[in-house]
Amino acid sequence: MTTHAKLSASGSHRWLACPGSVEAESKVPQGKSSPAAQEGTCAHELADLVLSEGGNCFDWEGKQLIENNAYTVEREMCEYIQQYVDYVKSFSGVHHYEQRVDFSDWVPEGFGTSDAIIIDGDTIRVIDLKYGKGIRVDSENNPQGLLYALGAYS
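Predicted model, so just to flag it, every value in this text is computed and none were measured. (Residues numbered from 1 in each chain as written. Predicted model: local features only at pLDDT ≥ 70, side-chain atom pairs only at ≥ 80, totals over all residues. Heavy atoms only, no water.)

**Let's talk about the layout of surface pockets**
Thought 1: Roughly 580 Å³ of internal volume is contained in the second largest pocket.
Thought 2: Forming the boundary of the second largest pocket are 20 residues, of which Val-126, Ile-127, Asp-128, Lys-130 and Ser-139 lie nearest the centre.
Thought 3: Contributing elements (two or more residues each) for the lining of the second largest pocket: α4 (75–89), β3 (123–127) and α5 (143–153).
Thought 4: Here the residues of the lining of the second largest pocket are counted per class, giving 9 nonpolar, 6 polar and 5 charged. (1 Å grid on protein atoms, 1.4 Å probe; cavity = no way out; pocket = protein on both sides within 12 Å on 5 of 7 lines; lining within 4 Å. Points joined across faces, edges and corners; volume = space filled by probe spheres on them. Helix = DSSP H or I, 4+ residues; strand = E, 2+ residues; numbered from the N terminus. Nonpolar A, V, L, I, M, F, W, Y, C, P; charged D, E, K, R; others polar.)

**A word on empty space enclosed by the protein**
Thought 1: One pass over the structure, following the stated rule, counts 1 cavity of 30 Å³ or more.
Thought 2: Here the largest cavity is characterised by a volume of approximately 30 Å³.
Thought 3: In terms of lining residues, the largest cavity is bounded by His-44, Ala-47, Asp-48, Leu-51, Tyr-84, Glu-98, Asp-115 and Leu-129.
Thought 4: With 4 residues, the top contributor of residues to the lining of the largest cavity is helix α3 (residues 35–53).
Thought 5: Taken together, the residues of the lining of the largest cavity sort by class into 4 nonpolar, 1 polar and 3 charged.

**Some details on the environment of Glu-98**
Thought 1: As for its placement among the helices and strands, Glu-98 is situated in strand β1 (residues 94–102).
Thought 2: Residue classification places Glu-98 among the partly exposed residues on the basis of a relative accessible area of 34%.
Thought 3: Not counting the four nearest positions on each side in its chain, Glu-98 is found in contact with His-44, Asp-48, Thr-113, Ser-114 and Asp-115. (Buried < 20%, exposed > 50% of the residue type's maximum accessible area, 1.4 Å probe, protein only. Contact = heavy atoms within 4.5 Å.)

**A few points about unusual backbone geometry**
Thought 1: With a phi angle near 50°, Glu-98 is a residue other than glycine that sits in the positive phi range.
Thought 2: Non-glycine residue Glu-109 carries a positive phi angle of around 55°.
Thought 3: On the secondary structure map, Glu-109 appears in the loop between β1 and β2 (111–120).

**Quick look at the environment of Val-126**
Thought 1: On the secondary structure map, Val-126 appears in strand β3.
Thought 2: The class for Val-126 is partly exposed, based on a relative accessible area of 25%.
Thought 3: Separated by 19 residues in sequence, Val-126 and Gly-145 place their C-alpha atoms 6.5 Å apart.
Thought 4: Beyond its immediate chain neighbours, meaning those up to four positions away, Val-126 contacts Ser-114, Ala-116, Gly-145, Tyr-148 and Ala-149.

**Some details on a nonpolar patch on the surface**
Thought 1: Where nonpolar side chains cluster on the molecular surface, the patch consists of Val-94, Trp-106, Ile-119, Ile-124 and Tyr-153 and spans about 500 Å² of accessible area.
Thought 2: Looking at where Ile-119 falls in the secondary structure, it is placed in strand β2.
Thought 3: Overall, Ile-119 belongs to the partly exposed group, its relative accessible area being 31%. (Patch = residues over 30% accessible without salt bridge, like charges linked within 9 Å, V, L, I, M, F, W, Y side chains within 5 Å. Areas by Shrake-Rupley, 256 points an atom, 1.4 Å probe, with all protein chains shown as cover. Salt bridge = Lys/Arg side-chain N within 4 Å of Asp/Glu carboxyl O.)

Printed below as a string of structure tokens:
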């Protein structure tokens, strides 16, 4: 099971706007993962596999992945994730995938896992895969990305 920070980067859009949500969320029992969450986890694992081990997403079409084997990789996922993989690979520099970052200098006990961090000279790129459907997430001034960038910087 993955450890999550109380003040996580992925939840920062919520706790920055409503600090009381941290306490309220702590009282909600953790249930079984939803099918949408399982699909998103599968998409992230597919991206990490292809970025770390090579090949392309279509090599996994119709197969179950190693860690998240409750979901079978479908063509639509391959098409979407391959675009992400190609984008990440388009940048030169030192690539880090699924990198745990610590931003506790700014947020108490703050840490998270960044999908891709690329360091090229004095430039740090933080690239976060978004696979959810129906909820738009902007990259400009995105608190999750900004916290990951602080963690990569430190």
